[in-house]
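Close look at the chain arrangement
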Amino acid sequence: MGVKVVKFGGSSLADAGQMKKAADIIKADKNRRYVVPSAPGKRFSDDIKVTDLLYKCYGLAEKGDDFSEVLEEIHSRYREIISGLGMDFSIDEDIKIIEADFKKRFGSNYAASRGEYLNGKVLAAYLGFPFVDAAEVIFFSADGSLDQEKTAQALRNALADKEYAVIPGFYGCGADGYVRTFSRGGSDVTGSIVAGAVRASLYENWTDVSGFLVADPRIVKNPEPIRTITYTELRELSYMGASVLHEEAIFPVRSAGIPINIKNTNDPSAPGTMIVPESHDEEVSAYTITGIAGKKNFSAINLHKDRMNSQIGFCRDVLDVLAENGICIEHMPSSIDSMTVIIDSAHIDGKQDEIVTQIRKRVKPDDIYVEEGIALVAVVGRGMCRTRGVAARIFAALAHARINVKMIDQGSSELNVIVGVNEEDFEQAIRCIYDIFVTAAK
């Protein structure tokens, strides 16, 4: 096994005890050479994440209010970790710099990034590894996207003479020279970028769960774990609400063919979930499906017009209206005289009537109405295309549970089937699909 890049989430580094666990994991394998830490997360259910404290602190500074009390709370969190690790180490000077920069209004991106920055310095000191500031090796373009070429070269140069290193997650340097962050959970992306740059053999993402589960444990009691999943399947499940890994973390390693292993810091012997570029027959799930996920709060714009199929540009004109209003579509099932556009309800909140009016003017439908309160359930699995009757089993399960299907959509790859149901049937729909494919197969 070659170089491994390991990323630890906020819950894995929330206090000294968790940081010791992370350090033991790192030291247990000499191939775990490059470490990407998050900011300290919650120590208990009612606790506050350090990143949220930093946002609060900077919000006070931005208004010109006294933020010393909140900054001291942040400083105290790190002192507690350092003390618990038995280290002779101080971040006092870093806190003074942060205080001065907050007064200079360095921006909320800079403020949010300091949690990872400080945790990176503490972890590097505890491990005895060099610290590499992400602002010196991760670069964003003027449009806010990652400058992949510049970043990859900078990382290779910075790590060329370092057998081991700690690179904090979540942030980098913007085109204007100021710190810029990824979206929340972006430390996953940093780990993936580092893994791609050093051509790692494996990217380990350590969190507080033992990988992905076939279904949401808040809906299905004790769902089965997913041992192996492809990048494509993961994208489908992440898009529909599965949130163990930041969905953008896939791309930097996918092109390089680097697998990702989701592991549990509190149960390091558990195999977790392996995310792989391609699958082999022996890796296909024993349950035909790989996972079930879904989301609520969708609306359907339903249109009917006789001989719609012969009106050139009908669908395009409808989509143009939505595009002009900044609305993305989720799905668009259609028939010869009708079409339905599924969209996120939040995107049309407050402008539903105006959009309907614009569509009426543009395509003159015989009928148009908006249906709210729709939930989408995605059944995903690379084994589905090899198995007969998957869709029939899904609809039989829903029919047996007396759940009405509002919409059906299947991708051309036969990797997923998406059904629309009423929001009040959402949880029951997931449970009955899980039962017919997983419980019944045990």
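Anyway, here's the lowdown on the structure attached to this text. Remember, it's a predicted structure, so these values are computed and weren't measured experimentally.

Cut-offs used in this document
- Residues numbered from 1 in each chain as written.
- Predicted model: local features only at pLDDT ≥ 70, side-chain atom pairs only at ≥ 80, totals over all residues.
- Heavy atoms only, no water.
- Helix = DSSP H or I, 4+ residues; strand = E, 2+ residues; numbered from the N terminus.
- Rg over C-alpha atoms; globule rule 2.2 N^0.38 Å.
- Buried < 20%, exposed > 50% of the residue type's maximum accessible area, 1.4 Å probe, protein only.
- Contact = heavy atoms within 4.5 Å.
- Expected span 1.5 Å × (residues − 1).
- Arc of directions from axis to C-beta.
- Core = buried A, V, L, I, M, F, W, Y, C linked by side-chain atoms within 4.5 Å.
- Pairing = 2+ DSSP bridges.
- Salt bridge = Lys/Arg side-chain N within 4 Å of Asp/Glu carboxyl O.

A tally of regular secondary structure across the protein chain gives 14 helices and 14 strands. Radius of gyration (C-alpha) of the protein chain: 25 Å, near the 22 Å computed for a compact globule of 442 residues. With the principal axes as the frame, the protein chain shows a C-alpha extent of 75 × 55 × 40 Å. Residue burial in the protein chain is summarised as follows: out of 442 residues, 51% are buried. For the protein chain, the share of sequence-separated contacts (at least 6 apart) that also reach a separation of at least 24 residues comes to 74%.

Our next topic: helix 4 (residues 92-103). If you check helix 4, its first and last C-alpha atoms are 17 Å apart, about what twelve residues at 1.5 Å a residue would give, namely 16 Å. Regarding helix 4, the residues found buried are Asp94, Ile95, Ile98, Asp101 and Phe102. Considered in projection along helix 4, the buried side chains sweep an arc of 125 degrees and stay on one side of the axis. More than 90 degrees from the buried face of helix 4, the exposed residues found are Glu93, Lys96 and Lys103.

Formed by 121 residues in total, the largest nonpolar core has its most connected members in Phe8, Val35, Phe102, Val122, Ile167, Ile275 and Ile433. Per-element accounting of this core gives the leading share, eight residues, to helix 5 (residues 108-127). Setting aside its immediate chain neighbours within four residues, Val122 contacts Met19, Tyr78, Ile81, Ile82, Leu85, Met87, Phe89 and Ile91. Core analysis: the next-biggest nonpolar cluster, separate from the first, contains 17 residues, Ile301, Val321, Val341 and Val363 among them.

Take the sheet that holds strand 8 (residues 260-264) next. Read across the sheet, seven strands follow the order 3-2-1-6-8-9-7 without closing on themselves; strand pairing throughout is mixed. Sheet topology places strand 3 (165-166) and strand 7 (228-230) at the edges, where each strand pairs with a single neighbour. As judged from the three bridges shared by strand 8 and strand 9 (residues 273-276), these two strands associate in the antiparallel manner. For Ile260, the partnering residue across the bridge sits in strand 9 and is Ile275.

Take unusual backbone geometry next. A positive phi is found at Phe170, a non-glycine position, where the angle reads about 85 degrees. Of note, Phe170 is situated in the loop between strand 3 and strand 4 (171-173). A relative accessible area of 3% means that Phe170 is categorised as buried. In this structure, Arg402 takes a positive phi of about 60 degrees despite not being glycine. Locating Arg402 in the fold gives a position in the loop between helix 13 (390-400) and strand 13 (405-410). The exposed category is assigned to Arg402, whose relative accessible area is 78%.

This part is about the pattern of salt bridges. Inspection of the entire model under this criterion finds 19 salt bridges. Arg32 is the salt-bridge partner of Glu204, the closest N and O atoms lying 2.7 Å from each other. Here Arg32 lies in strand 2 (residues 32-37) and Glu204 lies in strand 6 (residues 202-207), a separation of 172 residues in the sequence. What makes Arg32 buried here is its relative accessible area of 10%. Glu371 is the partner of Lys406 in a salt bridge, and the nearest nitrogen-oxygen pair spans 2.6 Å. Of this pair, Lys406 sits in strand 13 while Glu371 sits in strand 12 (residues 367-380), placing them 35 residues apart in sequence.

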